[in-house]
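# Overview (structure and organization)
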Amino acid sequence: MAERIPLSLHVPEPAVRPGGRPDFQYLSIPRAGAVRRPPVDVPAHEIHDLAYSIIRVLNREGEAVGPWDPGLGVEAMKAGLRAMLKTRAFDARMMMAQRQGKTSFYMPSTGEEAVACGFQTALEKGDMNFPTYRQQGLLIAQDWPLVDMMCQVFSNERDRLMGRQLPVLYSAKEAGFFSVSGNLTTQFVQAVGWAMASAISGDTRIAAAWVGEGSTAESDFHAALVFASVYRPPVILNVVNNQWAISAFQGIAGGESATFAARAHGYGIPSLRVDGNDFLAVHAASSWAAERARRNLGATLIEWVTYRAGAHSTSDDPSRYRPKEESDAWPLGDPIERLKNHLIALGAWSEERQTQLRAEIEDEVLAAAREAEGYGTLHDGPKPSSAAMFEGVYKEMPRHLREQRQEAGV
Amino acid sequence: MPRRTMVEAIRDALDVMMARDPRVVVFGEDVGYFGGVFRCTEGLQRKYGASRCFDAPISETGIIGVAVGMGAYGLRPVAEIQFADYMYPGYDQIVSEAARLRYRSAGEFTAPMVVRMPCGGGIFGGQTHSQSPEALFTHVAGLKTVIPSNPHDAKGLLIAAIEDDDPVIFLEPKRVYNGPFNGHHDQPIVPWARHPLGETPDGHYSIPLGQAAVRREGAAVTVLAYGTMVHVAEAAAEETGVDAEIIDLRSLVPLDVEAIERSVMKTGRCVILHEATRTSGFGAELSAQVQERCFHHLEAPILRVTGWDTPYPHAQEWDYFPGPDRVGRALRAVLED
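Residues numbered from 1 in each chain as written. Chains lettered and ligands numbered in written order. Predicted model: local features only at pLDDT ≥ 70, side-chain atom pairs only at ≥ 80, totals over all residues. Heavy atoms only, no water.

### A word on the sheet that holds strand β3 (residues 76–80) of chain B
Strands in a sheet are paired, the pairing made by backbone hydrogen bonds, and the direction either parallel or antiparallel. All names here are of chain B. For the record, the criterion: Two strands pair if DSSP finds at least two bridges between them. Helix and strand definitions follow DSSP, with helices as H or I runs of at least four residues and strands as E runs of at least two, each counted in order from the N terminus. Axes, fitted as lines to C-alpha atoms, cover a helix only where it is in contact. Angles between the N-to-C directions of the axes lie from 0 to 180 degrees. In what follows, a contact means two residues having at least one pair of non-hydrogen atoms within 4.5 Å.
The mixed open sheet is built from seven strands, whose spatial order is β2-β1-β3-β4-β6-β5-β10. Single-partner strands in this sheet number two, and they are β2 (53–55) and β10 (251–253). Across the sheet, the axes of successive neighbouring strands diverge by a mean angle of 20 degrees, strand direction being ignored. Bridge analysis of strand β1 (residues 24–28) against β2 gives three bridges, and the strand direction is parallel. Paired with Phe 27 across the two strands is Phe 54, which belongs to β2. Helix-sheet contacts for helix α7 (residues 151–163) involve β1, β3, β4 (114–119), β5 (144–146) and β6 (168–173), and the interaxial angle to β6 is about 160 degrees.

In structure tokens form, the structure reads like this:
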């Protein structure tokens, strides 16, 4: 009989912990422009290599290179720069508002602004995002009113969600922004259903599903992929790999054994892995996937490789589980800096104009915050009505809720 | 005697059991290196190694499903669901698997396991961080459901839950992790360090599942409560001057019906409290039990004070939470009949 060895459990551990030197050797980064750009009707099995590489356009010199260079005009790039700066300024202001007690909770998207801001450029009016709580850039890139978003964060009298929902869990149908649930991955599969409905109806609209790499562990992710594989609906399946799910590094979600883009292979869904801090690569890959969807070629999965530079939320302290310097050492850089450097390299921009634009945007965000605070903050000023708590549970308020509302005296 | 917060008491219970019993393993989202978002597992990975305390992928069905498998193998898994509100993807594994394994295999396989989950409101957590889903567990045959209201009980009950041979749902009212919150959100909380129930003996002790505790003796009305509502009841009794007997159920299944019966037969009146929504809440079961067992001793209809039948709102948190004013009104109302 063969000798048996005692078994042992493999528990993934990140390369470094607080106190250690940041180490991103696990991430193999090809040079910009190195990855081929297949036609949109390519069969999934012919692009398996793309799930193990990283599509990049902007190089270290700030040049746009290679087959994925979308040839975006200067004005479109400036709009992207503006959207990312605005998202960052909005996040900073709301983080501060939470510390000042104006709201209970906030979640920033710092460091990953290019993903949402770049992606939105590939969508059209009528398309529907099913975002997570970290895609505020989808709204800001559309110039959705900041005051409206802030009123939701402050749960005040102008909060369109009537104070019912946790801050940042926006809903804006007009902006193609589905109500954010707050539970993880539940909406990833709903996006597939929305896209199936578009196909059933002979419509032309497409859907976008969003999930973080950590949440791909949920069963709903796999349900979404199997339905997307079977029915080939017009949906883009976005996995934002920002390396950290609260304190759990991407290895706890299975990132040691395969990329998140490669999850699509078992389902025969074409997938791309993209530099999420490269605005041009984000625009190019999103447009590629959107074209596939619009040409009735079915779903595409995209893994956006980025880094959660901020805390998970205002309740989180990342210095407890990762080196403080890790964010600065992130090898794909900062998305705002990279697009700025490209515009400067083109001769279309300058550091002075950048400073000026940032100041303008900070003023705009501050003015919006002042206006929104005028409509109330969580513990101060005008509030949503208490009666609103009982409304909208059902279309018609049933008797037992009418009685409870009476008992509550609201 | 050492005093601990409820978080420290839970951590100590896990520590005591991991030291005593190599079969005990602890896991869940952010539970390993980080020690849990509420710090209940802090230091356990360092002390017992990553094979016995580790991070789980974000998959509640995975967390509970592997706990069933580990329990069937012979380990004593203690799984953490980060918030009770995140439990639903794992509900099938709880209801169809963990709860029925003993029955359907005629005892060949069992699932001794504990699923810990912070529950309840009062932290402006909105609908995804405030729910009280106890009735979804008490309705399931084969599960035990426990909910402590203080550090002393939390440690003793958690040790009993880990030693129990059946699956136990262990609900932790997060609003009382650091002190006995009584519903007066505008007042500072008394820390457990200054409360007698913060006293938790070192080492091993257990509180049998199914034994209620009388928190306040009284003659006028019996109040049945658990978790945070025990402290709300105490505040309401003090503020109204009603001579209420407050029973902290501690364990909902098994339920200490004798303690309930004894008290209601003495007082002849009963008010039932919970944070959870009213319709089909555990209060309905309690009300039925009291009616069935004590009907001839009742002098007034049984009253329930509960969360409203709506999702848990964010801004309207204190309109929703059944605080001491509402409880006080019920205490007075039940005496008027």
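### Considerations on the pairing of β1(B)
All names here are of chain B. Stated precisely, the cut-off is as follows: Three labels apply to residues, based on accessible area from a 1.4 Å probe with only protein chains included: buried if under 20% of the type maximum, exposed if over 50%, partly exposed otherwise in between.
For β1, the buried fraction is high: five of the five residues fall into the buried class. Note: β1 against β3, five bridges, orientation parallel. When the bridges of β3 are listed, Gly 28 appears paired with Glu 80.

### Let's talk about the pattern of salt bridges
As a reminder, the rule being used: We count a salt bridge whenever a side-chain nitrogen from Lys or Arg sits within 4 Å of a carboxyl oxygen from Asp or Glu.
Within this structure, the stated rule accounts for 44 salt bridges over all chains. Notably, a salt bridge pairs A:Glu291 with A:Arg295, separated by 3.2 Å at the nearest N-O pair. For A:Glu291, a relative accessible area of 34% corresponds to the partly exposed category. Of the residues examined, A:Arg295 reaches a relative accessible area of 47% and is grouped as partly exposed. One salt bridge in this structure joins B:Arg215 and B:Asp248, with 3.1 Å as the shortest N-O distance. Pair noted here: B:Arg215 is in strand β7 (residues 213–216) and B:Asp248 is in strand β9 (residues 244–248), with a separation of 33 residues, a long-range link. Salt bridges sharing common partners tie together A:Arg56, A:Asp275, A:Asp278 and A:Arg338.

### Remarks on the UniProt feature "domain: Transketolase-like pyrimidine-binding" (unreviewed entry) in chain B
Selection rule: UniProt positions are given in the numbering used here, feature names are shortened, and annotations may be inferred rather than shown by experiment.
The sites that carry the UniProt feature "domain: Transketolase-like pyrimidine-binding" (unreviewed entry) are, in the present numbering, residues 4–179 of chain B. Measuring from the first to the last C-alpha atom of residues 4–179 of chain B gives 10 Å, for a span that is 36% helix and 16% strand.

### Some remarks on the interface of chain A and chain B
For clarity, the threshold we go by: Values labelled buried area give the accessible surface lost by two parts on being combined, using a 1.4 Å probe and summing over both. Pairs of N or O atoms within 3.5 Å make up the polar contacts considered here, provided that, within protein, one atom can donate a hydrogen while the other can accept it, and that residues adjacent in sequence are counted only when both atoms are side-chain atoms. Under this grouping Gly is polar, as are all residues other than the nonpolar Ala, Val, Leu, Ile, Met, Phe, Trp, Tyr, Cys and Pro and the charged Asp, Glu, Lys and Arg.
Facing 44 residues of chain A, the contacting portion of chain B comprises 41 residues. Summing both sides of the interface, chain A and chain B together bury roughly 3300 Å²; the carbon and sulfur share of this comes to 59%. Linking B:Glu42 and A:Arg320 is a salt bridge whose minimum nitrogen-to-oxygen distance equals 3.4 Å. Taken together, the links from chain A to chain B amount to 14 residue pairs in polar contact (both at pLDDT 80 or more). Looking at the side of chain A that touches chain B element by element, the count peaks at five residues for helix α11 (residues 399–408) of chain A. Of the residues in the side of chain A that touches chain B, the class split is 21 nonpolar, 16 polar and seven charged.

### A short note on the state of the cysteines
Note on terminology: a disulfide is the covalent bond linking the sulfur atoms of two cysteines. Here is the rule we go by: Disulfides are defined in this document as cysteine sulfur pairs within 2.5 Å.
Counting across every chain of the model gives zero disulfides over all chains. No disulfide involves B:Cys53; its nearest neighbouring cysteine sulfur is the one of B:Cys40, lying 11 Å away.

### Things to note about the pairing of β3(B)
Residues and elements named next belong to chain B. With five of its five residues buried, β3 lies for the most part within the structure. Of the two faces of β3, the one lined by Arg 76, Val 78 and Glu 80 and the one lined by Pro 77 and Ala 79 are each fully buried. Inspection of the sheet shows β3 paired to β4 by three bridges, in the parallel sense. Bridge pairing in β4 links Glu 80 to Arg 116.

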